[in-house]
Amino acid sequence: MVERIEFCKFTSKPYLFLHTYKIKDFDRITDIVCNFEDPVYVELNFSLKENKIPCIKGNIKLNASLTCQNCLGEVNNKLNINFKTGFLQNEQEGGYLDSDYEKIIFHKKSISTIEFITDEILMSMPMFAKHSYKCYQYQNDDYIAKNPTKNPFAILKSIKN
Ligand SMILES: [Zn+2]
């Protein structure tokens, strides 16, 4: 496992890094996700553009179980994250990269692999997780169905009789 991404090792020939992590490997992700044991599939492609700009093209796949903001139940979010990042020495270097690159001005020699992946996942995480169906409404309907006496129409019916 590559602990740190070292920019001096990037060459014009792309280097592919493949690893399957677990959600619990990412401290900051475990603060918001509850399926700690599930896999995080990571594919990172390191290359040097124009002989000087370290670039990472990547794909991260995971299933994130978040808390639904409507019903507080678990809601699954399948994340399939694709990104292209270029680490620049200055703004001018950005001109060498296509517009779909995320451009970061960066002067350190290396970054933590875990922290880099964490940032990419957090940027793609929904701000407010919610079930795609009307979960709150459904729960109430369910409650009424199981408790027929609580149904206001049932009361109406008994008054009529
Ligand atoms: Zn819900």
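Placed above this text is the structure.
Just so we're clear, the structure is a prediction, and the values are computed from it rather than from any experiment.

Draft legend 1. Up close: the packing of aromatic side chains. For the coordinates displayed, the defined rule picks out 10 aromatic pairs. An angle of 45° between the planes, with centres 4.7 Å apart, marks the rings of Phe7 and Phe87 as tilted. One end of the pair, Phe7, is in the loop between strand S1 (4-6) and strand S2 (15-22); the other, Phe87, is in strand S5 (residues 74-88), with 80 residues separating them in the sequence. As far as burial versus exposure is concerned, Phe7 and Phe87 are alike and both buried. With 5.5 Å between their ring centres and 70° between their planes, Phe87 and Phe106 make a pair best called edge-to-face. Within this pair, whereas Phe87 is found in strand S5, its partner Phe106 is found in the loop between strand S6 (102-105) and strand S7 (110-112), the two being separated by 19 residues in sequence. Under the relative-accessibility criterion, Phe87 is labelled buried at 4%. According to the relative accessible area criterion, Phe106 is buried, its value standing at 18%. Taken together, Phe7, Phe10, Tyr15, Phe17, Phe46, Phe83, Phe87, Phe106 and Phe116 form an aromatic cluster joined through their ring pairs.

Draft legend 2. Quick peek at the pairing of strand S3 (residues 39-49). Bridge analysis of S2 against S3 gives 8 bridges, and the strand direction is antiparallel. Following the sheet pairing, Thr20 is matched in S3 by Tyr41. Of the strand pairs in this sheet, S3 and strand S4 (residues 53-67) are connected by 10 bridges, and their pairing is antiparallel. Residue pairing for S4: Glu43 is matched across the bridge by Asn59.

Draft legend 3. Expanded view of the sheet that holds S6. With respect to topology, 5 strands assemble into an open sheet ordered S2-S3-S4-S5-S6, the strand pairing being mixed. Strand pairing shows two members of the sheet lacking a second neighbour, S2 and S6, which therefore form its edges. Between one strand axis and the next, the sheet turns through 25° on average, direction left out of account. Bridging between S5 and S6 involves 4 bridges; their strand directions are parallel. Bridge pairing links Gly86 to Lys103 in S6. Along the sheet, helix H2 (residues 113-124) contacts S2, S3, S4, S5 and S6; its crossing angle with S5, the most-contacted strand, is approximately 120°.

Draft legend 4. Representation of the nonpolar core. Judged by nonpolar contacts, the single largest core of 33 residues is most densely connected at Ile5, Val40, Leu44, Ile56, Ile60, Leu62 and Ile121. Mapped by element, the contributors of at least two residues to this core are S2, S3, S4, S5 and H2. Those residues in contact with Val40, other than ones at most four positions away along the chain, are His19, Thr20, Tyr21, Lys22, Ile23, Phe26, Ile60, Lys61, Leu62 and Ile121. With 5 residues, the next largest nonpolar core counts Ile53, Cys55, Leu88 and Leu97 among its residues.

Draft legend 5. Looking closely at the coordination of the zinc ion. Around the zinc ion, the donor atoms from the protein are Cys68 (SG), Cys71 (SG), His131 (ND1) and Cys135 (SG), and they sit 1.9 to 2.3 Å away. All donors of the zinc ion come from a single chain, and their spacing in sequence reads C-x2-C-x59-H-x3-C. Of this pair, Cys71 sits in the loop between S4 and S5 while Cys135 sits in helix H3 (residues 135-146), placing them 64 residues apart in sequence. For Cys135, a relative accessible area of 3% translates into the label buried.

Draft legend 6. Examining the side chain of Ser110 more closely. Mapped onto the elements, Ser110 comes out in strand S7. The exposure class of Ser110 is buried, given its relative accessible area of 16%. Within the structure, Ser110 has its side chain in polar contact with the side chain of Arg4 (distance 2.9 Å). In contact with Ser110, not counting residues within four places along its chain, are Arg4, Ile5, Glu6 and Phe7.

Reading the values: the criteria
- Residues numbered from 1 in each chain as written.
- Predicted model: local features only at pLDDT ≥ 70, side-chain atom pairs only at ≥ 80, totals over all residues.
- Heavy atoms only, no water.
- Phe/Tyr/Trp six-rings, centres within 6.5 Å; stacked < 30°, edge-to-face > 60°.
- Helix = DSSP H or I, 4+ residues; strand = E, 2+ residues; numbered from the N terminus.
- Buried < 20%, exposed > 50% of the residue type's maximum accessible area, 1.4 Å probe, protein only.
- Pairing = 2+ DSSP bridges.
- Axes fitted to C-alpha atoms, helices over the stretch in contact; angles between N-to-C directions.
- Contact = heavy atoms within 4.5 Å.
- Core = buried A, V, L, I, M, F, W, Y, C linked by side-chain atoms within 4.5 Å.
- Donors = N, O, S within 2.8 Å, 3.2 Å for Na, K, Ca; no water.
- Polar contact = N/O pair within 3.5 Å; in protein donor to acceptor, adjacent residues only side chain to side chain.

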